[in-house]
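# Close look at the chain arrangement
Read off the chains here:
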Amino acid sequence: MQYDALKTFITLAEVKNFTKTSEILHISQPSVSLHIKNLEQEFQTTLFIRSPKSVQITPTGQILYERAKQIMAIYGAAKEDILAHHHAIQGTLIIGASFTIGEYILPPILARLQQHFPQLEIQVIIGNTDEIIQSAKLLHIDIGLIEGQSHDHELVIQPFMQDELFIVGASNHPLIERSTITISELQHQNWVAREAGSGTRTYLDHLFRMNGLQVQSLLTISSNQGVKESVIQGLGYALLSGCAIEREVINGDMAVLPLEGHHFTRTFSYLYSPTMKNKRNVEALIEFIT
């Protein structure tokens, strides 16, 4: 296995500069060039287009980059499996989490995890649900935590908790002041929503379809905080997790719509590639979240 060559190749693909690559890896620039040359000879392809001002990865280089990341992840998992044989929870755990989970659910879990395993280095990558699923498939993360379900057969997927969502609006909106309202009164309203690919957005789109709701205007923002601030400013209603709005509701910055006869729940799930199944660090996190 050309471990050093693949490590050099991945670094060069990411920083796009031979000098920076040599500095990051603490090797000479000729060594960087030699590693790349050896890989190009082995795979019989050109991996990079070089010019005096830039280094650009080729289409075949991109293919190797994705596979090389997977190979390095498997190599790292093998090392940590050997550590696990000695009952040690240490090394690195890379967690991918969708925004709601990463911002509101995960931090207290991580506090307890690190308290029990102080030698464990934890990295958290936050993205929308679709991004986390893709990262798990490419082995860029060890385990992903997403909103809702996924039917991707390349991954192991299991639910770990239920989440309740609420329709919220600015505290001074006329409908908020009513004792109850019906779903039909949400016709032709302004809405603020997360971006496509977000689990929260998928649920909102489903709510619109199932109830035949027509939207007056739709403002899309790719963060929960941005959605909340827009709601507070009176730009529209939003559908958000209860854990994301608790502070603003208590402070009176926004209010829950008194919707009659409707409760919105969804499932939070964890997922990982079968390659990570027996990785002790992944097992440790699953024990904490379940």
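So, here is what we can say about the structure in this document. (Residues numbered from 1 in each chain as written. Predicted model: local features only at pLDDT ≥ 70, side-chain atom pairs only at ≥ 80, totals over all residues. Heavy atoms only, no water.)

### Details of the pairing of strand E9 (residues 238-241)
Neither face of E9 is exposed, since Ala 238 and Leu 240 on one face and Leu 239 and Ser 241 on the opposite face are all buried. Pairing of strand E6 (residues 156-170) with E9 involves four bridges; the strand directions are antiparallel. In the sheet register, Leu 165 faces E9, and the bridge partner there is Ser 241. (Buried < 20%, exposed > 50% of the residue type's maximum accessible area, 1.4 Å probe, protein only. Helix = DSSP H or I, 4+ residues; strand = E, 2+ residues; numbered from the N terminus. Pairing = 2+ DSSP bridges.)

### Describing empty space enclosed by the protein
Rolled over the atoms, a probe with the dimensions of a water molecule shows which regions are left empty. Tallying each qualifying case throughout the model produces one cavity of 30 Å³ or more. Considered as a void within the structure, the largest cavity measures approximately 40 Å³ in volume. Only strand E7 (189-193), helix H7 (199-211) and E9 provide two or more residues apiece to the lining of the largest cavity. Grouping the amino acids of the lining of the largest cavity by side-chain chemistry returns seven nonpolar, one polar and two charged. (1 Å grid on protein atoms, 1.4 Å probe; cavity = no way out; pocket = protein on both sides within 12 Å on 5 of 7 lines; lining within 4 Å. Points joined across faces, edges and corners; volume = space filled by probe spheres on them. Nonpolar A, V, L, I, M, F, W, Y, C, P; charged D, E, K, R; others polar.)

### Here we look at the environment of Glu 154
For Glu 154, the position within the fold is in the loop between strand E5 (143-147) and E6. Those residues within four positions of Glu 154 in sequence are excluded, and the remaining contacts are Lys 137, Ser 273 and Pro 274. (Contact = heavy atoms within 4.5 Å.)

So yeah, pure geometry; function would need other evidence.
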